[in-house]
Each structure stands twice: as C-alpha cells, then as structure tokens.
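Fold and contact review
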Amino acid sequence: MARKGHRPSKAPASRPRFYGRHAVLAALANPERTVRKIWGTREALAGIDIPPAIPITFADAADLGRLVPGDAPHQGLVAEVDPLEEIWLGDLLAQGKGDQRPLVVLDQVTDPHNVGAVLRSAAAFDALGIVTQDRHAPPESGALARAASGTLETVPWVRVVNLARALEEIAEAGFWRVGLTGHAEGTLAQVMGQGRIALVLGAEGEGMRQNTEAHCDQLARLPISDKVESLNVSNAAAVALYAIAARG
C-alpha cells in the first residue's frame, strides 16, 4: 500500500562520525538515533551515562584527532552513528496541522555548516522542520552536527526528490510560501501576513532557482543596508524566523 505524501529520499548508507560534546550528547539522548561506537578521553567521558550496549574506547586527544577531519574541535568525544530514519513530508505537515510554526525550505544549500546553523535557528524559533532536496543538500556529518549544536536530533529534516512538487504539497497544507531574494520589491514584514509561513531560501550566491521562485506565493527581501550585498543564508534564515516569530 502506497504511503500518502511526498516520498523522502533514502538515507545514506555510510555511518557519520559526530564530534564535540553537544553533538554526541544530543545523539545519545535521541531515542530515534542509533549510536554504534563512542571514543573519548577519560575526562570527557566522566559522568556521561552511556548504555552498556554501546562499545566505548578510551583514547587520548591525538588519537581522537585522527578519527575526525583535520583540526575538528572534538572536545574529547567522537561517536559513530547511524543516519536518522527517513521522514515523510506528509507526516511532518500533519504534525504541524493547526499551529503557526513556520517551515524552512532550502533550495540547493549544500554547505553543511550553513544547514547546521539553519537547524539551530529553526530550533531556536520553534520551526516545524526543514525541507531540502536529497541530491543537493549535505548528508548528516560531524561538521553539520557540530554546527547544529545538538539540534540535528530535535528538528525534523525532510529530504525530497523534487522540491517543486514538495512546495505544491506544502501549499496544499495551508502554508503561504515566501521566497527570500534580494530582488523582491516588498520586505518580509510587508508580505508575510498572519498565516502559516513556509520560508524558502536559496544557496548563497546563486539564490533560488527560477522554478523554485515560481512555486512561491510571494517573494520578499530583508531590509538590509546597502553596505552589504547580501546575508549568509543561515543568517538570513535566523533573521527571517525571528521576524515571523515576532509579528504582531
């Protein structure tokens, strides 16, 4: 029997390694996350409640450094994990039915640090979740989990095959799709209204693709000064999510 809703992509087969205290502790605290192994210094592991089924290897900081990308700030903790299970867009939209939580849609944002920072802002402003493409978004990784500061475990992340079709489904669920772009005439405050907002952002530099813009109900810009050309996509997401949360 077919499942209703836009189908997510398949989770990547490789196991990422998370590093840093926030990312590792959040993974351990998430009942939906399978942690396969943990490496750590005795100091970092002291006082952490780790289930007996998870193998632990004590290591010094230099050894841990060889398990992660060069100069990664592991803070004495590294964990090998399974990627989270797929989330269906239809299920996410059903979870938010009846409330005003915004949804964040990213169009070909591939930098893991940016996606991680967007997840952190989404958590800070109680967004329903984020939606990305499967082929033009980063996989779960240590860098992304580190940037997300634990929120990769708490903010639903839906990966879709076709972003345009996903935006159509989002509209059917009652969201007003607002695309952020510097060439829009109206500001976000002028166009967002009081309904449910799906905030659509494109990659830094290229911005949203034309077909993505065509699937937005309204385009808007942030009222930044002419001293800078644009904001980093994660900064723009944070400012926009604050504006949505603070609207009167």
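One can find the structure itself at the top, above this paragraph.
Before going into details, it helps to say that this report is about the structure given with it. (Residues numbered from 1 in each chain as written. Predicted model: local features only at pLDDT ≥ 70, side-chain atom pairs only at ≥ 80, totals over all residues. Heavy atoms only, no water.)

**Section: the environment of Asn 235**
Tracing the backbone through its elements, the reader meets Asn 235 in helix H10 (residues 233–246). Sequence spacing of Asn 235 and Val 118 is 117 residues, and the spatial spacing of their C-alpha atoms is 8.0 Å. (Helix = DSSP H or I, 4+ residues; strand = E, 2+ residues; numbered from the N terminus.)

**Some points on the environment of Leu 84**
With respect to the helices and strands, the residue Leu 84 is situated in the loop between strand E4 (77–81) and helix H4 (89–95). On the basis of relative accessible area, Leu 84 is assigned to the buried category, the value being 18%. Distance in space between the C-alpha atoms of Leu 84 and Asp 111 is 19 Å, their sequence separation being 27 residues. (Buried < 20%, exposed > 50% of the residue type's maximum accessible area, 1.4 Å probe, protein only.)

**Details of the layout of surface pockets**
Quantified by volume, the largest pocket comes out at close to 550 Å³. What lines the largest pocket is a set of 22 residues, among which Leu 180, Thr 181, Gly 182, Ser 230 and Leu 231 lie closest to the centre. Secondary-structure elements contributing two or more residues to the lining of the largest pocket are strand E9 (196–202) and H10. (1 Å grid on protein atoms, 1.4 Å probe; cavity = no way out; pocket = protein on both sides within 12 Å on 5 of 7 lines; lining within 4 Å. Points joined across faces, edges and corners; volume = space filled by probe spheres on them.)

**Let's talk about the pattern of salt bridges**
Within the structure shown, the criterion is met by ten salt bridges. Here Arg 36 and Asp 82 are joined by a salt bridge, their closest N and O atoms 2.8 Å apart. Residue Arg 36 is found in strand E2 (residues 35–40), and its partner Asp 82 is found in the loop between E4 and H4; the two are separated by 46 residues along the sequence. Here Asp 217 ties to Arg 177 by a salt bridge, and the two come within 3.0 Å at their closest N and O atoms. Taken together, the residues Asp 217 in the loop between helix H9 (210–214) and strand E10 (218–220) and Arg 177 in strand E8 (residues 175–180) connect sequence positions 40 residues apart. (Salt bridge = Lys/Arg side-chain N within 4 Å of Asp/Glu carboxyl O.)

**A few points about the pairing of strand E6 (residues 129–133)**
Remember that side chains alternate between the two faces of the sheet whenever the strand is regular. Here E6 lies mainly inside the structure; five of its five residues are buried. Of the strand pairs in this sheet, strand E5 (residues 103–107) and E6 are connected by four bridges, and their pairing is parallel. Directly across from Leu 103, in E6, lies its bridge partner Gly 129. Crossover E5 to E6 through helix H5 (residues 112–124) is right-handed. Judged from the four bridges that link them, E6 and strand E7 (residues 157–160) form a sheet pairing that is parallel. Its bridge partner being in E7, Thr 132 is matched across the sheet by Arg 159. What joins E6 to E7 is helix H6 (residues 142–148), and the crossover it makes is right-handed. (Pairing = 2+ DSSP bridges. Right-handed = clockwise from strand over helix to strand, strands pointing away.)

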